[in-house]
Amino acid sequence: MKRKGLLSLGAMLAMLVMLSSCATTREYPPLDTVDSLDLDRYLGSWYEIARYQHRFEKNLVGAKADYSLRDDGRIQVVNSGIKGDLEGKVTSVKAIAWRPDEHFPGRLKVRFFGLFPSDYLVFGLDEEYQWALVGSDDRDFLWFLSRTPEVSDDTLDTMKAIAVAQGYDMEQLFLVPQKER
(Lines give C-alpha, C1' and ligand atoms only; values in the text may rest on other atoms or scores of the structure.)
Protein backbone atom coordinates (compact mmCIF):
# COMPACT_ATOMS: atom_id res chain seq x y z
CA MET A 1 0.00 0.00 0.00
CA LYS A 2 2.80 2.44 0.88
CA ARG A 3 4.60 1.59 -2.32
CA LYS A 4 1.48 2.29 -4.40
CA GLY A 5 1.04 5.65 -2.65
CA LEU A 6 4.66 6.63 -3.32
CA LEU A 7 4.32 5.65 -6.97
CA SER A 8 1.15 7.74 -7.30
CA LEU A 9 2.82 10.70 -5.58
CA GLY A 10 5.86 10.32 -7.84
CA ALA A 11 3.66 10.18 -10.92
CA MET A 12 1.79 13.30 -9.83
CA LEU A 13 5.03 15.19 -9.16
CA ALA A 14 6.42 14.17 -12.54
CA MET A 15 3.22 15.34 -14.22
CA LEU A 16 3.36 18.69 -12.39
CA VAL A 17 6.98 19.20 -13.48
CA MET A 18 6.05 18.40 -17.09
CA LEU A 19 3.05 20.75 -17.01
CA SER A 20 5.03 23.59 -15.45
CA SER A 21 7.76 23.20 -18.06
CA CYS A 22 5.11 23.36 -20.78
CA ALA A 23 3.81 26.58 -19.31
CA THR A 24 7.22 28.25 -19.33
CA THR A 25 8.70 26.87 -22.55
CA ARG A 26 7.46 28.26 -25.86
CA GLU A 27 7.80 26.02 -28.84
CA TYR A 28 7.93 27.56 -32.28
CA PRO A 29 7.74 26.08 -35.73
CA PRO A 30 11.00 26.31 -37.68
CA LEU A 31 11.71 29.72 -39.13
CA ASP A 32 10.43 30.18 -42.65
CA THR A 33 13.81 30.90 -44.26
CA VAL A 34 14.36 32.49 -47.66
CA ASP A 35 13.79 30.30 -50.72
CA SER A 36 16.85 31.62 -52.51
CA LEU A 37 20.21 32.80 -51.19
CA ASP A 38 23.02 33.58 -53.63
CA LEU A 39 26.07 33.28 -51.40
CA ASP A 40 28.24 35.25 -53.82
CA ARG A 41 25.87 38.21 -53.51
CA TYR A 42 25.65 37.74 -49.73
CA LEU A 43 29.43 38.03 -49.29
CA GLY A 44 30.87 41.33 -48.11
CA SER A 45 30.19 43.62 -45.16
CA TRP A 46 27.01 43.78 -43.10
CA TYR A 47 26.33 46.22 -40.25
CA GLU A 48 24.20 45.16 -37.28
CA ILE A 49 21.25 47.52 -37.16
CA ALA A 50 19.48 45.71 -34.32
CA ARG A 51 19.78 42.45 -32.38
CA TYR A 52 18.75 40.49 -29.35
CA GLN A 53 21.34 41.08 -26.66
CA HIS A 54 23.56 38.17 -25.60
CA ARG A 55 26.53 37.97 -23.29
CA PHE A 56 28.96 37.61 -26.22
CA GLU A 57 27.85 40.95 -27.72
CA LYS A 58 26.41 42.76 -24.71
CA ASN A 59 29.09 45.47 -24.49
CA LEU A 60 29.60 45.86 -28.24
CA VAL A 61 28.39 48.68 -30.43
CA GLY A 62 29.27 49.35 -34.05
CA ALA A 63 29.03 45.60 -34.69
CA LYS A 64 29.74 44.39 -38.18
CA ALA A 65 30.16 41.08 -40.02
CA ASP A 66 32.43 40.51 -42.99
CA TYR A 67 31.93 37.43 -45.14
CA SER A 68 34.39 36.18 -47.77
CA LEU A 69 34.76 32.97 -49.76
CA ARG A 70 37.45 30.52 -48.71
CA ASP A 71 39.37 28.21 -51.06
CA ASP A 72 37.36 25.21 -49.79
CA GLY A 73 34.04 26.84 -50.76
CA ARG A 74 33.06 27.67 -47.21
CA ILE A 75 32.63 31.21 -45.93
CA GLN A 76 35.14 33.05 -43.76
CA VAL A 77 33.30 35.08 -41.13
CA VAL A 78 34.88 37.97 -39.25
CA ASN A 79 32.58 39.53 -36.67
CA SER A 80 33.80 42.75 -35.13
CA GLY A 81 32.50 45.35 -32.76
CA ILE A 82 33.56 48.31 -30.70
CA LYS A 83 33.80 47.88 -26.95
CA GLY A 84 31.76 50.25 -24.82
CA ASP A 85 31.06 53.18 -27.13
CA LEU A 86 31.73 54.14 -30.73
CA GLU A 87 35.14 55.56 -29.78
CA GLY A 88 36.26 52.36 -28.03
CA LYS A 89 38.60 49.58 -29.09
CA VAL A 90 37.63 47.29 -31.98
CA THR A 91 37.55 43.59 -31.18
CA SER A 92 36.92 40.72 -33.59
CA VAL A 93 36.37 36.99 -33.78
CA LYS A 94 36.60 34.60 -36.75
CA ALA A 95 34.29 31.77 -37.73
CA ILE A 96 33.46 29.51 -40.65
CA ALA A 97 30.02 29.22 -42.23
CA TRP A 98 28.55 26.80 -44.76
CA ARG A 99 25.29 25.61 -46.26
CA PRO A 100 24.74 22.00 -45.12
CA ASP A 101 21.82 21.28 -47.47
CA GLU A 102 21.34 22.92 -50.88
CA HIS A 103 17.58 22.19 -50.65
CA PHE A 104 17.35 24.75 -47.84
CA PRO A 105 19.39 27.73 -49.12
CA GLY A 106 18.62 30.05 -46.18
CA ARG A 107 19.68 27.54 -43.51
CA LEU A 108 23.39 27.91 -42.88
CA LYS A 109 25.64 26.74 -40.08
CA VAL A 110 28.41 28.75 -38.45
CA ARG A 111 31.20 27.52 -36.20
CA PHE A 112 33.21 29.73 -33.82
CA PHE A 113 36.42 28.60 -32.13
CA GLY A 114 36.20 25.14 -33.70
CA LEU A 115 33.29 24.30 -31.38
CA PHE A 116 29.91 22.87 -32.27
CA PRO A 117 28.03 24.59 -35.11
CA SER A 118 25.16 27.02 -34.57
CA ASP A 119 22.30 27.88 -36.85
CA TYR A 120 22.53 30.95 -39.07
CA LEU A 121 19.06 31.19 -40.57
CA VAL A 122 18.34 33.89 -43.13
CA PHE A 123 14.60 34.54 -42.96
CA GLY A 124 14.42 37.98 -44.52
CA LEU A 125 16.33 39.44 -47.45
CA ASP A 126 15.55 42.21 -49.89
CA GLU A 127 16.00 41.60 -53.62
CA GLU A 128 19.07 43.87 -53.84
CA TYR A 129 20.83 42.16 -50.89
CA GLN A 130 20.92 45.45 -48.98
CA TRP A 131 19.36 44.15 -45.76
CA ALA A 132 18.84 40.76 -44.14
CA LEU A 133 17.24 39.17 -41.09
CA VAL A 134 19.08 36.31 -39.37
CA GLY A 135 17.83 34.22 -36.49
CA SER A 136 17.33 30.80 -34.94
CA ASP A 137 14.44 28.35 -34.81
CA ASP A 138 14.10 28.77 -31.03
CA ARG A 139 13.83 32.58 -31.49
CA ASP A 140 16.70 33.15 -29.03
CA PHE A 141 18.88 34.91 -31.62
CA LEU A 142 17.99 37.76 -33.95
CA TRP A 143 20.02 40.16 -36.05
CA PHE A 144 18.89 42.91 -38.42
CA LEU A 145 21.74 43.43 -40.92
CA SER A 146 22.34 46.12 -43.51
CA ARG A 147 25.04 47.02 -46.02
CA THR A 148 25.00 50.52 -44.52
CA PRO A 149 25.32 51.59 -40.87
CA GLU A 150 21.81 53.09 -40.93
CA VAL A 151 18.48 52.17 -42.52
CA SER A 152 15.38 54.24 -43.15
CA ASP A 153 12.46 54.06 -40.73
CA ASP A 154 10.43 52.31 -43.46
CA THR A 155 13.10 49.62 -43.87
CA LEU A 156 13.34 49.14 -40.11
CA ASP A 157 9.55 48.84 -39.90
CA THR A 158 9.60 46.24 -42.70
CA MET A 159 12.29 44.25 -40.90
CA LYS A 160 10.36 44.39 -37.63
CA ALA A 161 7.14 43.26 -39.31
CA ILE A 162 8.87 40.24 -40.85
CA ALA A 163 10.43 39.32 -37.49
CA VAL A 164 7.12 39.66 -35.64
CA ALA A 165 5.38 37.50 -38.27
CA GLN A 166 8.00 34.81 -37.54
CA GLY A 167 7.35 34.92 -33.78
CA TYR A 168 9.96 37.39 -32.53
CA ASP A 169 9.26 39.81 -29.67
CA MET A 170 10.28 43.36 -30.57
CA GLU A 171 10.39 44.35 -26.86
CA GLN A 172 13.75 42.54 -26.69
CA LEU A 173 15.18 44.29 -29.76
CA PHE A 174 18.32 46.36 -29.14
CA LEU A 175 19.10 49.07 -31.70
CA VAL A 176 22.87 48.97 -32.23
CA PRO A 177 24.70 52.31 -32.22
CA GLN A 178 26.63 52.41 -35.50
CA LYS A 179 29.15 54.33 -37.52
CA GLU A 180 30.82 53.86 -40.90
CA ARG A 181 33.98 51.77 -40.69
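Refer to the preceding data block for the structure.
Since the model is a prediction, treat every value here as computed from it, not as a measurement.

## Concerning the overall build of the protein chain
Move 1: Within the protein chain one finds three helices and nine strands.
Move 2: Ordered by position from N to C terminus, the α and β elements of the protein chain give α-α-β-β-β-β-β-β-β-β-α-β.
Move 3: Here the protein chain holds 181 residues, and 36% of them are scored as buried.
Move 4: In the protein chain, of all internal contacts separated by at least 6 residues, the share reaching a separation of at least 24 is 54%.

## Re the side chain of Gln 166
Move 1: Checked against the element boundaries, Gln 166 lands in the loop between helix H3 (153-165) and strand S9 (173-175).
Move 2: Apart from the residues lying within four places of it in its own chain, the contact partners of Gln 166 are Leu 31, Asp 32, Phe 123 and Arg 139.

## So, H3
Move 1: An ideal rise of 1.5 Å per residue puts 18 Å on 13 residues; H3 measures up with 18 Å between its terminal C-alpha atoms.
Move 2: Check the buried side of H3 and you find it contacts strand S1 (44-52), strand S6 (118-125), strand S7 (131-135), strand S8 (142-146) and S9.
Move 3: Positive phi shows up at Gly 167, right after H3, with a value of about 100°.

## Overview of the nonpolar core
Move 1: Membership of the largest hydrophobic core comes to 20 residues, with the highest contact counts inside it found for Leu 37, Tyr 42, Tyr 67, Tyr 120, Val 122, Leu 125 and Leu 145.
Move 2: Elements with a contribution of two residues or more to this core: strand S2 (60-69), strand S3 (75-83), strand S4 (90-98), strand S5 (107-112), S6, S7 and S8.
Move 3: For this core, the element with the most residues is S6, which contributes three residues.
Move 4: Leu 121, Leu 133, Phe 144 and Tyr 168 belong to the second largest nonpolar core, which has 15 residues in total.

What counts as what
Each chain carries its own residue numbering, running from 1 in the direction its sequence is written. Totals for whole chains, interfaces and linings use all residues, but because this is a predicted model, local features are given only for residues with pLDDT of at least 70 and pairs of side-chain atoms are given and counted only at 80 or more. To obtain the side-chain values, all non-hydrogen atoms of the structure were used and water was disregarded. Only DSSP runs of H or I with at least four residues qualify as helices, and only runs of E with at least two residues qualify as strands; both kinds are numbered from the N terminus onward. Note on classification: 1.4 Å probe, protein chains only; a residue is buried when its accessible area is under 20% of the maximum for its type, exposed when over 50%, partly exposed between these limits. Contact definition: two residues touch when any of their heavy atoms are within 4.5 Å. Expected span of a helix: the number of residues minus one, times 1.5 Å. Remark: nonpolar core denotes a set of buried residues (Ala, Val, Leu, Ile, Met, Phe, Trp, Tyr, Cys) joined through side-chain atoms within 4.5 Å.

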